[in-house]
Amino acid sequence: QTAKVATKFTPTKADYQKVYNRIAEIIDDASDYDDGSYGPVLLRLAWHASGTYDKNTGTGGSNYATMRFEPEALHGANAGLHVARGLMEKVKKEFDWISYGDLWTLAGVCAVQEMAGPKIPWRPGRIDGFVTHVTPDGRLPDATQGAPHIRDIFYRMGFNDQEIVALSGAHALGRCHPDRSGFQGPWTFSPTTFTNDYFKLLFDEKWVWKSWSGPKQLEDKKTKSLMMLPTDYVLTQDKSFKKYAKAYADDNELFFKDFSSAFSRLLELGVPTQQFVASEPWIMGDEA
Ligand code: CCH
């Protein structure tokens, strides 16, 4: 008599590459959505899934993918991210062996890379957690606030001023949606291409308060078609932030390098090192 032993599937880098390739297809299959790409909203999902980390308690971060659960899905900062989670649900059905935390962070990597950004070192190992792992509301930044708030939030994750500024450069991508955050419009003229234009525009354009009934935001005086959040504008007003923002406006290569390392670290927040499959992160890419 032979006992049937269920063998556990151990995915390799090639298996994760298949997931990456599938996500890349979905990103581009968006002719009717926003600016024609799901990349920005997927990047925002990866960031919000990771940015709940608190270094003092070791809670939050990307490990348990707790945004699947109602309390966190309904946090104000996560409005609109059901779109991104819904897209990733399709991928999860095809590749059921991947954890949600790995799937969502890989989607962030894929989004940056497929929108012409830098390579983001990434490795799998996150596990699905439970509703008890959900962190309290208020751990993500509030766009209406100033420098002290931004520092409180990002220092809690373990980032310094330089990394805060580098990460903020993600706002080269995507746009604000009145039905999600209440704010309105894109930061750059190329919201589906990763560039340092966000920093360039912050310094090159004249920014004035938009007069409208929505939340306080700035618009470029010349075309009135671009926007900055109060927290974006602070990067040109605070002395320490300004130094880095200017450096990134002047040097795209430096921005790419610093964004890549800070974002890679962001995606690993809250994941115990021993859970990672590989001792060093991988570079994923379209190797077809
Ligand atoms: Fe952000 N972001 N973000 N952001 N964000 C919004 C949209 C995007 C803040 C507020 C907002 C990061 C930091 C901050 C993206 C990536 C990153 C929106 C509009 C607000 C508000 C949401 C809407 O209406 O759809 C604040 C405040 C901070 C820091 O102080 C960081 C860090 C990252 C990634 C590394 C991306 C991408 C978007 C566009 C999403 C889309 O759907 O187009």
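These remarks concern the structure in this document. (Residues numbered from 1 in each chain as written. Predicted model: local features only at pLDDT ≥ 70, side-chain atom pairs only at ≥ 80, totals over all residues. Heavy atoms only, no water.)

### Thoughts on the overall build of the chain
Condition: Counting from the N terminus, the helices are the DSSP runs of H or I reaching at least four residues and the strands are the DSSP runs of E reaching at least two. To sort residues, take the accessible area from a 1.4 Å probe on protein chains only and compare it with the maximum for the residue type: under 20% means buried, over 50% means exposed, and anything in between is partly exposed. Only heavy atoms matter for contacts: two residues are in contact if any of them lie within 4.5 Å across the pair. Note on areas: Shrake-Rupley with a 1.4 Å probe; residue coverage comes only from the protein chains shown.
Looking only at helices and strands, the chain features 11 helices and five strands. Each of the three principal axes of the chain carries a C-alpha extent, and together these read 80 × 40 × 35 Å. Out of the 288 residues in the chain, the part that is buried amounts to 55%. Within the chain, counting contacts between residues at least 6 apart in sequence, those at least 24 apart form 72% of the total. Carbon and sulfur atoms provide 51% of the accessible area of the chain, an area that totals close to 13400 Å².

### Observations regarding the site of the ligand
Note the cut-off: The criterion for a residue being near a molecule or strand is simple. One of its heavy atoms has to lie within 4 Å of it. What qualifies as a polar contact is a pair of N or O atoms within 3.5 Å, subject to a donor-acceptor requirement within protein and to the restriction that residues adjacent in sequence count only when both atoms come from side chains. The rule is simple: put a 1 Å grid over the protein atoms alone, call a set of points where a 1.4 Å probe fits but cannot get out a cavity, call an open set with protein on both sides within 12 Å along at least five of seven lines a pocket, and count a residue as lining if it has an atom within 4 Å of a point. More than half of a molecule's atoms lying within 2 Å of a cavity's or pocket's grid points is what places that molecule inside it.
Taken together, 22 residues form the shell around the ligand, and within it Trp-47, His-171, Arg-175, His-177 and Ser-181 come nearest. Arg-175 is positioned such that a nitrogen or oxygen atom in its backbone is 2.9 Å from an oxygen atom of the ligand. Between an oxygen atom of the ligand and a side-chain N or O atom of His-177, the distance comes to 2.6 Å. More than half of the atoms belonging to the ligand lie within 2 Å of the grid points that define the largest pocket. With five residues, the top contributor of residues to the shell around the ligand is helix α2 (residues 39-50).

### Focus: the sheet that holds strand β3 (residues 207-209)
Selection rule: Two strands pair under a simple rule: DSSP has to find at least two bridges between them.
Here we have three strands laid out as an open sheet, ordered β3-β4-β5, and antiparallel in their pairing. Two strands in the sheet have a free side with no partner beyond their single neighbour: β3 and β5 (227-228). Of the strand pairs in this sheet, β3 and strand β4 (residues 218-220) are connected by three bridges, and their pairing is antiparallel. Following the sheet pairing, Trp-207 is matched in β4 by Asp-220.

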